[in-house]
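Below are the chains, spelled out letter by letter.
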Amino acid sequence: MNTDRQIFHNVCPRNCYETCGILSTVENGKLIKVEGNPKHGYTHGRLCAKGYAYTEYVYSPQRLKYPLRQFPRGSGNWQRISWSEALETIALKIIELHDRYGSNLASGYDKYSGNLGILHYATEGMFRGLGSHTKIHGDLCLSAGGDALNYNRGQGALCDPEDMAKAKGIVLWGVNPARTAVHQWSFINRARDKGAKLLVIDTLFTPTAAQGDIYLQIQPGTDGLLAMAVLKYIWQESRLDLDFIQRHVHGWEAFESYLRDEVSLEEASAITGVPLEGIKDLAEMYLESPCATWVGFGVQRYSNGGQSVRGIDALVTLTKNQHQQGGGLYYYNWLDIFPFNIKNFPLPPEQEKAPVRSLNIIHFAQEALALKDPPLKLLWLASHNPFSQGQNLQHWRKLVSQLELIVVVDLFMNETTAQADIVLPAASPFEEYDLHSSYWHQWIAINQKAIPPFYEARSDLEIARNLTQVLNGLRPDFSSFPWQLSALDWIKAELTPEILKQLEIDNWEELLQGPRKYKLKGVSREVQGYPTETGKFQLMSRGAKENQLPALVRFKEQRIESPYPLRLLTPQSLLRLHSQYRELSWLNLEQEMDAVELNPQDAEQRNLKEKDHVIVLNDRGSCFRRVEINPYIPQGVVVMAQGDTTNQLLAGQNTDMGIHTTGARGAAFYDSWVEVKKK
Ligand SMILES: Nc1nc2c(c(=O)[nH]1)N[C@H]1C(S)=C(S)[C@@H](COP(=O)(O)OP(=O)(O)OC[C@H]3O[C@@H](n4cnc5c(=O)[nH]c(N)nc54)[C@H](O)[C@@H]3O)O[C@H]1N2
Ligand SMILES: Nc1nc2c(c(=O)[nH]1)N[C@H]1C(S)=C(S)[C@@H](COP(=O)(O)OP(=O)(O)OC[C@H]3O[C@@H](n4cnc5c(=O)[nH]c(N)nc54)[C@H](O)[C@@H]3O)O[C@H]1N2
Ligand code: SF4
Ligand SMILES: [Mo]
């Protein structure tokens, strides 16, 4: 028998630093193997364990096969329905709400990060086509740090992560690439092979910390003070280049007074938990340039998170590391180059002025509940599992009871589909075309449709096109979403002549030979001035002050008052992508998911022993866990996997910054407090 065997180019589309290039082997229409694409210059032919599990993911018996309706909502009583019934029910509801309220404002969407492919903005496009509607803005990952850099430099970090290989020293500051960005190790290790030192600053003794030449354990939320203490030490030793600072830095006089009068090394050491020796070690790293500093998203998940990042950035820049190949600050690196036509297509004039309401992702449910004239009545959720990953779940529960129709598009059942009236089965990345860039590296790649859809699954774009057709069939010209355009039409339009030129290709088909690197023009190591209002690096920022933030880079202590004594940290897990991949037997996770890790003293005070069944609680909720005693966790801190039932315990705080980057302040996930009691 002849076997038909073909290789396709795919991309792992997750909200992950790496955005890996995949080569997929398809035999007789079935995906039988995935491997890393060796032509991808950042991911170099390797995937992580989650990536290698895609053949299980795609054919998982738990994948959603058909549209389903749940009645009554929350009952678990699901019935298969046809696509036409599902789409007609939704379209009739949108039209009925339009007629009831005189606009489409009662219909809205909440979409986030399940698939970051450009064509997944079809969900946004589908609602744009309605004219008036309610949408979402903001970000859960990185916005506080993004604003911090903007106040200091007038732009983002713009460092190519491949350059880290050229550093003489690397500081991993609140980032855990052993879990969250495994491919970066090849660049870190290249630098180490040439003698670079690795220093890790983390509250937890992570697998990344275990790789460091030096590990500094820091009290949560005090990183800004550590940066100030290092700068004070270097300043005291007269090892700052004051001439360089005079020329390129704004606000030095005020900052110098602050260092002199308000920063004490002894006090900083006591508050941060970092010994004086550690402060000196860190100073020596910065004085031997080029030193690369990678600030992770963990540092800024606090209500003073942005201010901390401003402080670390000041340390990087005042020690002249920003201006050396390989050195400088690495944060995120969003290639803001595509037109995103799929969510920005032109509207007919009468729709152009239609009102649109936008809700902050952090407080989506509260803000939705407060909407009047009209209230939110229909909610479309895609690529997001807020009932596992969000904050303020009590408001979500209330919102559900107010909504008349909840539609969730997903590949699997989860905490959010459990609240839906209609669930639509989404295609996997192997069943659709797409185009991808990364928020970390600079490689652009195409994702090919490699296999037929799993049962009746459809891509988010296909769903947007189909629903638009049904709407317009019921009421002509109701939506202006260009439903005629195919995935390839949209991809071709994204690859503008300027982008093709930068990628050194003539047409999109050439991306089928392999991913291409986009060479950012803005990445210059020469000091040519900053795009700030003073043209300098800003220790003092008027923009920050206008937003009621400290104008000056300085440490801002911000202890959230709570009657609960233990700080709850919930960083990312190795074998999950947030709430995804729990279904896969290849990634055996159960143990990690039901643990609460405690310091031995905290356990002893509560009379708790290894494996004890406990309740973790605060005034927001409670959940059952098993005790794991971990001598490397600082006293007063407990660690649990995020999501599932954990997030009901989050305090729902905002970070200090984020408005400039994503229109809303970020999520201070790690400013949450709990108690642990024996069950
Ligand atoms: N395997 C896997 N990889 C992922 C993800 C995933 O879910 N799983 N998610 C992806 C996404 S969306 C994101 S946003 C990124 C996030 O990935 P990272 O940028 O690595 O951020 P976090 O995991 O939140 O936190 C990083 C580290 O900060 C530490 N930390 C916490 N508080 C402090 C503090 O006050 N000071 C210091 N110095 N350190 C602190 C935590 O212990 C943790 O080790 O990962 C991406 N990669
Ligand atoms: N406690 C705590 N909570 C956190 C964090 C933390 O550090 N601590 N981190 C936060 C961070 S950084 C992030 S990024 C968020 C992540 O929050 P979410 O974006 O909600 O994360 P996921 O759990 O990955 O959920 C994505 C959903 O999209 C679905 N999906 C995947 N592909 C597709 C597709 O092609 N189409 C559609 N329609 N759906 C698809 C997946 O099956 C999954 O159900 O979590 C945040 N929550
Ligand atoms: S989850 Fe991240 S590291 Fe793993 S395959 Fe996907 S993009 Fe690559
Ligand atoms: Mo994230």
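With an unreviewed UniProt entry as reference, the chain is termed Anaerobic dehydrogenase, typically selenocysteine-containing, source organism Desulfitobacterium dehalogenans. Under the UniProt heading Sequence similarities (unreviewed entry), the note attached to the chain is "Belongs to the prokaryotic molybdopterin-containing oxidoreductase family."

Some points on the site of ligand 2
The environment of ligand 2 is formed by 32 residues, the closest being Ser-113, His-384, Asp-410, Asp-460 and Ser-579. His-120 is positioned with one of its side-chain polar atoms (N or O) 3.2 Å from an oxygen atom of ligand 2. In this structure, Ser-579 approaches ligand 2 through a side-chain N or O atom, which is 2.4 Å from an oxygen atom. Here ligand 2 has 920 Å² of accessible area as a free molecule, and 98% of this is covered by the chains. Residues belonging to the shell around ligand 2 are distributed by class as follows: eleven nonpolar, 17 polar and four charged. When residues of the shell around ligand 2 are assigned to domains, at least three fall in each of domain 1 (68-138 + 354-436 + 453-501) and domain 3 (566-678).

Concerning the site of ligand 3
As a structural note, the neighbourhood of ligand 3 is formed by Cys-12, Cys-16, Glu-18, Thr-19, Cys-20, Cys-48, Lys-50 and Gly-51. Residues belonging to the shell around ligand 3 are distributed by class as follows: four nonpolar, two polar and two charged.

Quick word on the environment of Lys-33
In this fold, Lys-33 is placed in strand β3 (residues 30-36). The spacing of Lys-33 and Gln-391 is 358 residues in sequence and 37 Å in space, taken between C-alpha atoms. With residues up to four places along the chain from it excluded, the contact list for Lys-33 reads Leu-23, Ser-24, Thr-25 and Thr-55.

Considerations on the sheet that holds strand β22 (residues 566-569)
The sheet built from six strands closes into a barrel, its strands ordered β22-β26-β23-β25-β24-β27 with mixed pairing. Averaged over all pairs of adjacent strands, the angle between strand axes in this sheet comes to 45°, irrespective of strand direction. Where strand β23 (residues 595-598) lies against strand β25 (residues 621-629), four bridges are found, and the strand directions are parallel. Pairing of Ala-595 across the sheet is with Arg-626, part of β25.

Describing the environment of Pro-515
Residue placement: Pro-515 occurs in the loop between α22 (497-503) and β20 (516-517). Counting along the chain gives 478 residues from Pro-515 to Asn-37, while the straight-line C-alpha distance between them is 8.8 Å. If near-sequence neighbours (up to four positions away) are discounted, Pro-515 is found in contact with Asn-37, Lys-39, His-40, Trp-443, Ile-444 and Ala-445.

Notes on the confidence of the model for the chain
A low pLDDT score tells you not to read the predicted coordinates there in detail. Summing up the model confidence of the chain, the mean pLDDT is 96 and the portion of residues at 70 or higher is 98%. Mean pLDDT in the chain bottoms out at helix α24 (residues 590-593), which sits at 65, and peaks at strand β17 (residues 422-425), which reaches 99.

Structural notes on the UniProt feature "domain: 4Fe-4S Mo/W bis-MGD-type" (unreviewed entry) in the chain
Using the residue numbers shown here, the UniProt feature "domain: 4Fe-4S Mo/W bis-MGD-type" (unreviewed entry) corresponds to residues 5-62. In residues 5-62, helix accounts for 16% and strand for 36%; the two terminal C-alpha atoms are 27 Å from one another.

Some points on helix α14 (residues 305-318)
For α14, built from 14 residues, the straight-helix expectation of 20 Å at 1.5 Å per residue is met to within 8% by its first-to-last C-alpha distance of 20 Å. Across the 14 residues of α14, 14 count as buried, placing the element largely inside the fold. Just downstream of α14 lies Lys-320, where phi reads positive at about 65°.

A closer look at unusual backbone geometry
Cis peptide bonds are those with omega within 30 degrees of zero, and the linkage from Phe-71 to Pro-72 qualifies with -10°. Its location among the elements puts Pro-72 in the loop between β4 (68-70) and β5 (78-80). Look at the link from Ser-289 to Pro-290: it is a cis peptide, with omega at 0°. Considering the arrangement of structural elements, one finds Pro-290 in the loop between α13 (276-287) and β12 (291-295). Of note in this structure, His-44 is not a glycine but carries a positive phi near 45°.

Section: the packing of aromatic side chains
Taken as a whole, this structure holds 31 aromatic pairs when the rule is applied. Plain terms: the ring middles of Tyr-54 and Tyr-57 are 5.4 Å apart, the flat faces sit at 85° to each other, and that makes the pair edge-to-face. Residue Tyr-54 and its partner Tyr-57 are located together in helix α2 (residues 54-58), separated by three residues, close to a single helical turn. A single burial state applies to Tyr-54 and to Tyr-57, both of which are buried. Judged by centre distance (6.3 Å) and plane angle (75°), the rings of Tyr-54 and Tyr-581 are edge-to-face. Of this pair, Tyr-54 sits in helix α2 while Tyr-581 is found in the loop between β22 and α24, placing the two residues 527 residues apart along the sequence. Each member of the aromatic cluster is reached from another via a ring pair, and the members are Tyr-17, Trp-294, Phe-297, Tyr-331, Tyr-332, Tyr-439 and Trp-440.

Description of the domain arrangement of the chain
Assigned domains of the chain: these are domain 1 (68-138 + 354-436 + 453-501), domain 2 (143-331) and domain 3 (566-678). On a C-alpha basis, the centres of domain 1 and domain 3 stand 30 Å from each other. Opposite the 19 residues of domain 1 that make contact, domain 3 presents 24 residues. Roughly 1500 Å² is buried in total at the junction of domain 1 and domain 3, and carbon and sulfur atoms are behind 41% of that figure. Of all residues in domain 1, Ile-362, Gln-389 and Gln-391 bury the most surface against domain 3, accounting for 34% of the area lost on that side. Here domain 1 is connected to domain 3 by one salt bridge. With a closest N to O distance of 2.7 Å, Arg-582 and Glu-415 form a salt bridge. Broken down by secondary-structure element, the contributors of at least two residues to the side of domain 1 that touches domain 3 are α18 (386-389) and α19 (393-402). For the side of domain 1 that touches domain 3, the element with the most residues is α18, which contributes three residues. Its residues placed into classes, the side of domain 1 that touches domain 3 shows five nonpolar, 13 polar and one charged.

Some points on the pairing of strand β15 (residues 378-382)
A regular strand places its side chains so that they alternate between the two faces of the sheet. Judged by how many residues are buried, β15 sits mostly within the fold: five of five residues are covered. Taking every second residue as pointing to the same face, both faces of β15 are buried, with Leu-378, Trp-380 and Ala-382 on one and Leu-379 and Leu-381 on the other. Bridging between strand β6 (residues 107-111) and β15 involves five bridges; their strand directions are parallel. Within the sheet, the bridge partner assigned to Asp-110 lies in β15 and is Leu-381. Pairing analysis gives five bridges linking β15 to strand β16 (residues 405-410), with the strands arranged parallel. Bridge pairing in β16 places Leu-381 opposite Val-408.

Things to note about the pattern of salt bridges
The full count for this structure, using the stated rule, is 35 salt bridges. Between Asp-612 and Lys-678 there is a salt bridge, with the nearest N and O atoms lying 3.6 Å from each other. Remark: Lys-678 occurs in strand β27 (residues 673-678) and Asp-612 occurs in the loop between α25 (600-605) and β24 (613-618); sequence separation between them is 66 residues. Residue Asp-612 is classed as buried on the basis of its relative accessible area, which comes to 18%. Put simply, Lys-93, Glu-96, Arg-100, Lys-377 and Glu-404 are held in one network by salt bridges that share partners.

What counts, and where the lines are drawn
- Residues numbered from 1 in each chain as written.
- Chains lettered and ligands numbered in written order.
- Predicted model: local features only at pLDDT ≥ 70, side-chain atom pairs only at ≥ 80, totals over all residues.
- Heavy atoms only, no water.
- UniProt positions renumbered as here; feature names shortened; annotations may be inferred.
- Near = heavy atom within 4 Å.
- Polar contact = N/O pair within 3.5 Å; in protein donor to acceptor, adjacent residues only side chain to side chain.
- Areas by Shrake-Rupley, 256 points an atom, 1.4 Å probe, with all protein chains shown as cover.
- Nonpolar A, V, L, I, M, F, W, Y, C, P; charged D, E, K, R; others polar.
- Domains from an automatic or database assignment.
- Helix = DSSP H or I, 4+ residues; strand = E, 2+ residues; numbered from the N terminus.
- Contact = heavy atoms within 4.5 Å.
- Pairing = 2+ DSSP bridges.
- Axes fitted to C-alpha atoms, helices over the stretch in contact; angles between N-to-C directions.
- pLDDT = per-residue confidence, 0-100.
- Expected span 1.5 Å × (residues − 1).
- Buried < 20%, exposed > 50% of the residue type's maximum accessible area, 1.4 Å probe, protein only.
- Phe/Tyr/Trp six-rings, centres within 6.5 Å; stacked < 30°, edge-to-face > 60°.
- Buried area = accessible area lost by both parts, 1.4 Å probe.
- Salt bridge = Lys/Arg side-chain N within 4 Å of Asp/Glu carboxyl O.

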